[in-house]
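Survey of secondary and tertiary structure
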Amino acid sequence: MSRKIAERNARQDRRQQPRYVAFTLLACTAALHGSTAWGRGQFVRQEAPFPAIFDPPAEVNSVEPIRYEVLRGDFHMHTIHSDGSLTPADRVLEAWRYGYDVIAITDHRSFIAYEEARSMADALGVLLIRGMETGLSANEHLVALNFSADYRPRDPHQWAETEGQPQVFYQDQWRQLSAAGAYVLYAHPHVGLREPMLWGIDQGLLRGIEVKNDVVGSGWNTVESHGTWWYPFAFDWAVDYGLTIFANSDVHNARGDAEQATTLVLVKERSIAGVMEALRAGRTLASFNNMLCAHEWVLDLLMANLVDIRIDEPDDGTAFLRLQNSGPRELTAEVEGIPIDPVTLGPYQSVLVGLRRRPDAVTVIWKNLYTRPTTNLTTTHVLTAGR
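Residues numbered from 1 in each chain as written. Predicted model: local features only at pLDDT ≥ 70, side-chain atom pairs only at ≥ 80, totals over all residues. Heavy atoms only, no water.

1. As for helix 4 (residues 170–179)
Regarding helix 4, the residues found buried are Y170, Q171, Q173, W174 and L177. Angular distribution of buried residues about the axis of helix 4 spans 165 degrees; they occupy a single face of the element. G181, located one to two residues past helix 4, shows a positive phi value of around 90 degrees. (Buried < 20%, exposed > 50% of the residue type's maximum accessible area, 1.4 Å probe, protein only. Helix = DSSP H or I, 4+ residues; strand = E, 2+ residues; numbered from the N terminus. Arc of directions from axis to C-beta.)

Right under this line is the structure:
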């Protein structure tokens, strides 16, 4: 990360102190009208902000860099309008408490929850995207986002795989969704990458895929690896076919205390349009189990802004390698050529590593950042003296 970017981020972050921020909401306010499950009391939102993300290449020839904001998203969840246990308003309030910035309620076969949840979302400043879960009969589940209100679903979750059936042919209904403006992602891809999904990719209709779904646990053909159950093969498909990468909760009941699957979205503006632009561009990271999984170029962009690695040289002749994490996620760094254990960089933390000699550059393997299921992000840093 350049000194210029670091200084700009420092200015942006001054107003975010302390780094962990708690907001308290009084449930008796008018904003909670329509909330049924929570009663009266206080609700606390915990936030751990990311710094602003600037695209370094845009600094070439003094061009003003592109600025991104990192939003926390969950694009797959349910309410009482399908098989969930919370009302739409309560689902929004819960998402606010858990630190989400943008959500989509995606009930099976229905998107009535969107209208019921809008008032609460607007009051709390949560971006709410119209959504629904649908798909092929007894096979793939698809999450549709941001389609127009006049879309009329036909045979949701019952699309026929071949023409001439009583149910609507999947290609016809998928095209209808697309005509309504829908962004479609493949949810918990438990039946593999079959012909209907390959057709969707080829037609430009399938744009994203879940690599982590909290609710399916060890079922639905997930694979146990990296200390969790998820879809590593879907991560490979995302890279191979250029699909946007998602980690969603698919929550049906109340959320628990465990780490929540989150899709981090790098947006140019904090709006529904800004989120959808980012999803179509693929600027997302799947965050779960203390891992970040993303396309390599997205991780490169994030880390160029989050991490600063330089040399500190006191006058006594000693030298230290300083690693600084400006973000809210723990990072694990393995520094090649330096005989030390991997370095754990906690949120907003700096670590000094004593050096026997001063290198001109270091290569770091980030052990909890992945560009494929078994490939860690690797970055090289030309070392400059500390401030």
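2. Concerning the side chain of R45
Within the secondary structure, R45 is located in strand 2 (residues 42–47). A polar contact of 2.5 Å, which involves the side chain of R45, links it to the side chain of E47. There is a polar contact of 3.5 Å between the side chain of R45 and the backbone oxygen of G99. (Polar contact = N/O pair within 3.5 Å; in protein donor to acceptor, adjacent residues only side chain to side chain.)

3. Re the packing of aromatic side chains
Summed over the entire model, instances satisfying the criterion amount to 12 aromatic pairs. Taken together, a centroid distance of 5.7 Å and an interplanar angle of 85 degrees make the contact between F75 and F246 edge-to-face. Of this pair, F75 sits in the loop between strand 4 (67–74) and helix 2 (88–97) while F246 sits in strand 12 (residues 244–248), and the two are 171 residues apart along the sequence. Just as F75 is buried, F246 falls in that class too. Considering the side-chain rings of F111 and F147, the 5.0 Å spacing of their centres and the 75 degrees angle between planes classify their relative orientation as edge-to-face. Of this pair, F111 sits in the loop between strand 5 (102–105) and helix 3 (112–124) while F147 sits in the loop between strand 7 (141–145) and helix 4, and the two are 36 residues apart along the sequence. Taken as a pair, F111 and F147 share a single burial class, namely buried. (Phe/Tyr/Trp six-rings, centres within 6.5 Å; stacked < 30°, edge-to-face > 60°.)

4. Focus on the pairing of strand 13 (residues 262–267)
Burial runs high along strand 13: six of the six residues are buried. Direction of pairing for strand 4 relative to strand 13: antiparallel, over a ladder of five bridges. Bridge pairing in strand 13 places E69 opposite V267. With four bridges joining them, strand 13 and strand 14 (residues 284–288) adopt antiparallel strand pairing. What sits directly across from T263, in strand 14, is A286. (Pairing = 2+ DSSP bridges.)

5. Observations regarding the confidence of the model for the chain
Here the chain shows a mean pLDDT of 90. Residues at 70 or above account for 88%. No element of the chain has a lower mean pLDDT than helix 1 (residues 3–13), which averages 46, and none a higher one than strand 12, which averages 99. Predicted confidence for residues 1–19 stays below pLDDT 50, and this span has 35 contacts to residues more than four positions away or in other chains. (pLDDT = per-residue confidence, 0-100. Contact = heavy atoms within 4.5 Å.)

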